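Residues per chain are reported as follows:
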Amino acid sequence: MKKILAVLLCAIVLFTGCSTGKNSSGSLTVDQVFSGGKPDNGNPPPAMLNLSSQQLVSNIRIGWNLGLALENCLEPGDNAGADSAETLRGNPPATEKMFECLVDSGVNAVRLPISWQDHIDEAGNIDESWLNRVTQVTNYAYDNGMYVILTMYHDGDNGSWLCGAAEDHNAVLMRYANIWRQIAEHFGSYNERLLFESMNAVDFSGISDDDAYSLLNEINQLFVDTIRNSGAFNPWRHLLIAGFNADIICSIDSRFRMPEDEYSRCILSVHYYIPITFCVDGIQDNWGSNTDQIWMESMVSQLRTNFTDKGIPAMITEYGTAGDDIPSRVFYCEMLTKLCRDAGIAAFLWDDGSEFDRSGFTWRTSGLIEALRKASGSTDYTPEKQK
């Protein structure tokens, strides 16, 4: 019945254009439809209790990152206050209409990269106005039936406060736990469609690799323990665990450990920008040779073999392309999405504003969303590069 209700709601949203589905299932809200009914006397809804992390990952069809928005940080020379960080890099503020149109196009999951460092004090207490804005954007997606991931983003960049955990260990970890405790308590009543991610790729370059692995493992465990002890529905919440440097190969290393979790609801989070010359730098236009495809197949296969097949669900929470060769870019995204779909792995497109027009609510890259819909919805074809 839960699957039937979810499918019916998605159909209603898709056939009504860019319009919200909040009241489209009679007396049930979107929140209640996707969780299989109304919560009973404050207890978690059925789907939160019964849905495994692997089932949740498999429910995600097209994932999308709201990039260059809530993760923006103030830099020297920026003539702006922390409250205006969202629009600091040229994107308009996120709106409910934007998420309605994303859902209408087939996106059913969003990752919200969020930087907290400009909005906390030394103890990690979050500025109320910032938390209110994060909540507003979260609700835009959540109320439209999307899965939503909240993360800690540039706080782990080189020179940022989280990187200091090796030198000022206790103070940094106390600050980290305090931030996540506030987030977990604030969003405690949200159902299984709201997930937390421990951190983005953290730069521990000032210490040895062995120490860096050990420190990351410790912080990930602290993250899980903090969320699980934060009350409300958080003991059952699905959690994303940052892999080492968000890298597949580095996370396969035996020194990386998934945290202990008595609720068994942890999901590995890694990124995929290979080759970086094509995906980030934009200095390599063409992609799609046999060698390119074999390499991508191998990386997804290693992720599946070392995690998914061993009962540890995985998500590629960032992937993307650069350059001017549209057929190559579309083929790359389609093939990766198809490989991940076949392997039971969810994939999230990185979008800095260049893929989806956040004012006009249309996809900029010709053929991209159509390719993603095909790759995420069908298993009986092989992607081919368009001429």
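Scope of this entry: the structure provided in the associated data block. Position numbers for residues start from 1 in each chain and track the written sequence from start to end. With the structure being a predicted model, the display of local features is reserved for residues of pLDDT at least 70 and the display and counting of side-chain atom pairs for 80 or more, all residues being used for whole-chain, interface and lining totals. Excluded from the side-chain calculations are hydrogens and water; all other atoms, namely the structure's heavy atoms, are used.

### Digging into the overall build of the protein chain
Consideration 1: Summing up its helical and strand segments, the protein chain has 13 helices and eight strands in all.
Consideration 2: For the protein chain, the residues scored as buried account for 54% of the 387 residues in total.
Consideration 3: Here, two residues are considered to be in contact whenever any of their heavy atoms come within 4.5 Å of each other. Counting contacts in the protein chain only where the partners sit at least 6 residues apart, residues at least 24 apart contribute 76% of the total.
Consideration 4: Where accessible areas are quoted, they stem from the Shrake-Rupley method and a 1.4 Å probe; at the residue level, only the protein chains shown are allowed to cover. Element-wise, carbon and sulfur atoms account for 49% of the exposed surface of the protein chain, whose accessible area totals about 16,000 Å². A run of H or I in DSSP becomes a helix once it reaches four residues, and a run of E becomes a strand once it reaches two; helices and strands are each numbered from the N terminus. Accessible area is worked out with a 1.4 Å probe on protein chains only. A residue is then buried under 20% of its type maximum, exposed over 50%, and partly exposed in between.

### Overview of the pattern of salt bridges
Consideration 1: When a carboxyl oxygen of Asp or Glu lies within 4 Å of a side-chain nitrogen of Lys or Arg, that pair is called a salt bridge. The final tally for this structure, using the stated rule, is ten salt bridges.
Consideration 2: Three or more residues joined by partner-sharing salt bridges are found here, namely Arg111, Glu197 and Glu318.

### Some details on the state of the cysteines
Consideration 1: Pairs of cysteine sulfur atoms within 2.5 Å are what we label disulfides. Under the criterion given, the structure shown has zero disulfides.
Consideration 2: Here Cys333 is not cross-linked by a disulfide; its sulfur's nearest cysteine counterpart is in Cys279, at 8.2 Å.
Consideration 3: According to the relative accessible area criterion, Cys333 is buried, its value standing at 1%.

### Considerations on unusual backbone geometry
Consideration 1: Looking along the chain, the bond that leaves Ile274 and enters Pro275 is cis, with omega of -5 degrees.
Consideration 2: Unusually for a residue other than glycine, Ala246 sits at a positive phi of about 55 degrees.
Consideration 3: Along the chain, the position of Ala246 falls in the loop between β5 (239-242) and α9 (248-252).

### What about helix α7 (residues 169-186)?
Consideration 1: In a helix, the anticipated span is given by 1.5 Å times the number of residues less one. Taking 1.5 Å of rise per residue, 18 residues should cover 26 Å, and α7 covers 26 Å from first to last C-alpha, within 8% of that figure.
Consideration 2: Turning to α7, its buried residues are Val172, Leu173, Arg175, Tyr176, Ala177, Asn178, Ile179, Trp180, Gln182, Ile183 and Ala184.
Consideration 3: For α7, the secondary structure elements touched by its buried residues are β3 (147-150), β4 (194-197) and α8 (209-228).

### Some thoughts on the environment of Asp285
Consideration 1: Assignment of secondary structure puts Asp285 in the loop between α10 (276-279) and α11 (290-306).
Consideration 2: Remark: the alpha-carbon pair of Asp285 and Asp325, spanning 40 residues in sequence, is separated by 5.4 Å.
Consideration 3: Dropping the residues within four chain positions of it, Asp285 is found in contact with Phe278, Gly323, Asp324, Asp325 and Ser328.
Consideration 4: Nitrogen and oxygen atoms within 3.5 Å of one another constitute a polar contact, given that in protein one can donate a hydrogen and the other can accept it, and given that sequence-neighbouring residues count only through two side-chain atoms. A distance of 3.3 Å separates a polar atom in the side chain of Asp285 from the backbone nitrogen of Asp324.

### Description of the pairing of strand β8 (residues 346-349)
Consideration 1: Alternating residues of β8 divide into Ala346 and Phe348 and Ala347 and Leu349, and every residue in both groups is buried.
Consideration 2: Here, any two strands with at least 2 DSSP bridges between them count as paired. As paired strands, strand β1 (residues 63-65) and β8 are joined by two bridges and run parallel to one another. Along β8, the bridge assignment pairs Trp64 with Leu349.
Consideration 3: The pairing of strand β7 (residues 314-319) with β8 spans three bridges and is parallel.

### Side note on the packing of aromatic side chains
Consideration 1: Note on aromatic pairs: the rings of Phe, Tyr and Trp (six-membered ring only in Trp) are paired at centre separations within 6.5 Å, and the planes decide the class, stacked below 30 degrees, edge-to-face beyond 60, tilted for the rest. Counting across every chain of the model gives 15 aromatic pairs.
Consideration 2: Look at Trp180 and Phe196: their rings are 5.5 Å apart centre to centre, the planes differ by 45 degrees, and that puts the pair in the tilted class. On the criterion of sequence distance, the pair formed by Trp180 in helix α7 and Phe196 in strand β4 is long-range, its members being 16 residues apart.
Consideration 3: According to the relative accessible area criterion, Trp180 is buried, its value standing at 0%.
Consideration 4: Phe196 sits in the buried class, given a relative accessible area of 0%.
Consideration 5: Relative to Phe223, the ring of Trp180 has its centre 5.0 Å away and its plane inclined at 75 degrees; by these criteria the two rings are edge-to-face. Within this pair, whereas Trp180 is found in helix α7, its partner Phe223 is found in helix α8, the two being separated by 43 residues in sequence. Like Phe223, Trp180 is buried.
Consideration 6: Three or more aromatic residues link up through ring pairs in this structure, and these residues are Tyr272, Phe278, Trp287, Phe331 and Tyr332.

### Brief notes about the nonpolar core
Consideration 1: By size, the foremost hydrophobic cluster in this structure holds 93 residues, and its most contacted members are Trp64, Phe99, Trp116 and Phe196.
Consideration 2: Listed in part, the 13 residues of the second largest apolar core include Leu56, Val57, Ala109 and Phe348. Side-chain atoms within 4.5 Å link the members of a nonpolar core, which is a set of buried Ala, Val, Leu, Ile, Met, Phe, Trp, Tyr and Cys residues.

### A look at the packing of α11 against helix α12 (residues 326-343)
Consideration 1: Helix axes are fitted to C-alpha atoms over the stretch in contact, other axes to C-alpha atoms as well, and angles between N-to-C directions run from 0 to 180 degrees. Contact geometry of α11 with α12 gives a least axis separation of 10 Å together with a crossing angle of 30 degrees. The orientation of α11 with respect to α12, classified from their angle, is roughly parallel. In this structure, α11 meets α12 at a crossing whose hand is right-handed. Between α11, through Gln293, Met296, Glu297, Val300 and Arg304, and α12, the contact on the second element is made entirely by Phe331, Tyr332, Met335, Leu336, Leu339, Cys340, Asp342 and Ala343.
Consideration 2: Per-class residue counts for the contact of α11 with α12 are nine nonpolar, one polar and three charged. Roughly parallel covers angles under 35 degrees, roughly antiparallel covers those over 145, roughly perpendicular covers 65 to 115, and oblique covers all other angles. Take the far helix as your reference; a near helix turned counterclockwise from it by less than a right angle gives a left-handed crossing, and one turned clockwise gives a right-handed crossing. Under this grouping Gly is polar, as are all residues other than the nonpolar Ala, Val, Leu, Ile, Met, Phe, Trp, Tyr, Cys and Pro and the charged Asp, Glu, Lys and Arg.

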